[in-house]
Amino acid sequence: SLGGWLTIGASVNEESSAAIVRTAVDAGINFIDLADAYAKGGAEQTIGRILGQYRRSDLVISSKLFWPMSDNPNDKGLSRKHIMESIDRTLKNLGTDYLDIYFCHREDPETTLSETTRAMDDLVHRGKILYWGTSVWRPRTLRDVHAICDRRGLYRPIVEQPPYNLLERSIERKVLPAARNLGMGVVVWSPLAGGILTGKYLGGVPAGSRGATTRWLDEYLAPANTERVRRFVEIARRAGNEPAQLALAWILSQDGITSVITGATNPEQLKSNLKALEAPLSSDLKYEIEQIFPA
């Protein structure tokens, strides 16, 4: 999958974004993942201008809602009001009549699951979305929402989108088993731990880099993790791969993973990441990697 977080409509201009999308589609990627919060609608608007170059039915386009889009207290969360207003704004941004998948970007403690599920079901019936999903929802909540949908005959969420990478394997304990039992797909984000698994921070954290400006990466940058990444980079080089390729190949080899969302700042970076599909990952190499990054 091609993701738009922090890149499309933000750090990457429209011309480069179009080149990245073209590279992705030419390589066989058909899934583009966005959110209304990405560049405050800028990612959706940029992709919307690019979409005219492609046949809509050839692509799977997703977006998400939850995070505040303004200071208006109703312009956030998973209430019926926000869902109904957000989908119209997203569709306008994208210049399309429907989304293939609409994700609830986080759980909303201020709104009942019944209200959210009924609103998402209504969107399916109205043809504004084909399916809906969740992102970073707890296994217990996933089971609860499926029970509500089954009891009331509503469309279930079909896919969960959690973070997953060699430094963050917690979904293996409960999320993946829950998704498997509920028949949900799993599309994962941050497969390179914000770029840390590429080894680019082994010499320190440059001023202005994502590692210096994004607080959620602080834990990944702990000294113990840095040493593990150093060992991983050595293994990747020995195997004849870039570290990013090997990290992506490892995720693709895991049971229960439907798709991996990868971002790119230029077509060359995307092409390099796509070589993960060809990276040899023997059982011995996989075992060696997992000894460095235990679950």
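These figures come from a predicted structure and were not determined experimentally.

## Considerations on a nonpolar patch on the surface
Inference 1: A cluster of nonpolar residues, Trp-5, Leu-6 and Trp-216, forms a patch on the protein surface that exposes about 260 Å² of accessible area.
Inference 2: Positionally, Leu-6 belongs in the loop between β1 (2–3) and α1 (14–26).
Inference 3: Look at Leu-6 and you get partly exposed, because its relative accessible area is 35%.

## Topic: helix α6 (residues 175–182)
Inference 1: Taken together, the buried positions of α6 are Val-175, Leu-176, Ala-178, Ala-179 and Leu-182. Each buried residue of α6 lies within a common arc of 160° when the element is viewed along its axis, so the set occupies one face. For α6, exposure combined with an orientation more than 90 degrees from the buried face picks out Arg-180 and Asn-181.
Inference 2: Where the residues of α6 are buried, they touch α5 (139–152), β6 (159–160) and β7 (185–188).
Inference 3: Looking one or two places after α6, you find Gly-183, whose phi comes out positive at around 75°.

## Concerning the nonpolar core
Inference 1: One finds Ile-47, Ile-129, Ile-196 and Ile-289 to be the most contacted residues of the largest nonpolar core, which totals 83 residues.
Inference 2: Top element by residues in this core is helix α9 (residues 243–252). It accounts for seven residues.
Inference 3: For Ile-129, the residues in contact, after removing those within four places along its chain, are Ile-87, Leu-99, Tyr-102, Met-120, Leu-123 and Val-124.
Inference 4: If you look at the next biggest cluster of nonpolar residues, it comprises seven residues, including Phe-31, Phe-103, Val-159 and Val-187.

## Thoughts on the pairing of strand β3 (residues 60–65)
A regular strand places its side chains on the two faces of the sheet in alternate fashion.
Inference 1: Of all six residues that make up β3, five are buried, and the element is covered over most of its length.
Inference 2: In this structure, strand β2 (residues 31–33) lies alongside β3, joined through three bridges in parallel fashion. Within β3, the residue paired with Phe-31 across the bridge is Val-60.
Inference 3: Regarding the hand of the β-α-β motif, the stretch spanning β2, helix α2 (residues 42–51) and β3 is right-handed.
Inference 4: With four bridges connecting them, β3 and strand β4 (residues 99–104) associate as parallel partners. Bridge pairing in β4 links Ser-63 to Tyr-102.
Inference 5: The handedness of the β3 to β4 crossover, carried by helix α3 (residues 80–94), is right-handed.

## Structural notes on the packing of α2 against α3
Inference 1: Here α2 crosses α3 at 45°, and the two axes come no closer than 6 Å. Comparing the axis directions of α2 and α3 gives the class oblique. Here α2 contributes Glu-44, Gln-45, Ile-47, Gly-48 and Leu-51 to the contact with α3, which in turn contributes Thr-90, Asn-93 and Leu-94.
Inference 2: For the contact of α2 with α3, the class distribution of residues is three nonpolar, four polar and one charged.

What counts as what
Residues numbered from 1 in each chain as written. Predicted model: local features only at pLDDT ≥ 70, side-chain atom pairs only at ≥ 80, totals over all residues. Heavy atoms only, no water. Patch = residues over 30% accessible without salt bridge, like charges linked within 9 Å, V, L, I, M, F, W, Y side chains within 5 Å. Areas by Shrake-Rupley, 256 points an atom, 1.4 Å probe, with all protein chains shown as cover. Salt bridge = Lys/Arg side-chain N within 4 Å of Asp/Glu carboxyl O. Helix = DSSP H or I, 4+ residues; strand = E, 2+ residues; numbered from the N terminus. Buried < 20%, exposed > 50% of the residue type's maximum accessible area, 1.4 Å probe, protein only. Arc of directions from axis to C-beta. Contact = heavy atoms within 4.5 Å. Core = buried A, V, L, I, M, F, W, Y, C linked by side-chain atoms within 4.5 Å. Pairing = 2+ DSSP bridges. Right-handed = clockwise from strand over helix to strand, strands pointing away. Axes fitted to C-alpha atoms, helices over the stretch in contact; angles between N-to-C directions. Parallel < 35°, antiparallel > 145°, perpendicular 65-115°, else oblique. Nonpolar A, V, L, I, M, F, W, Y, C, P; charged D, E, K, R; others polar.

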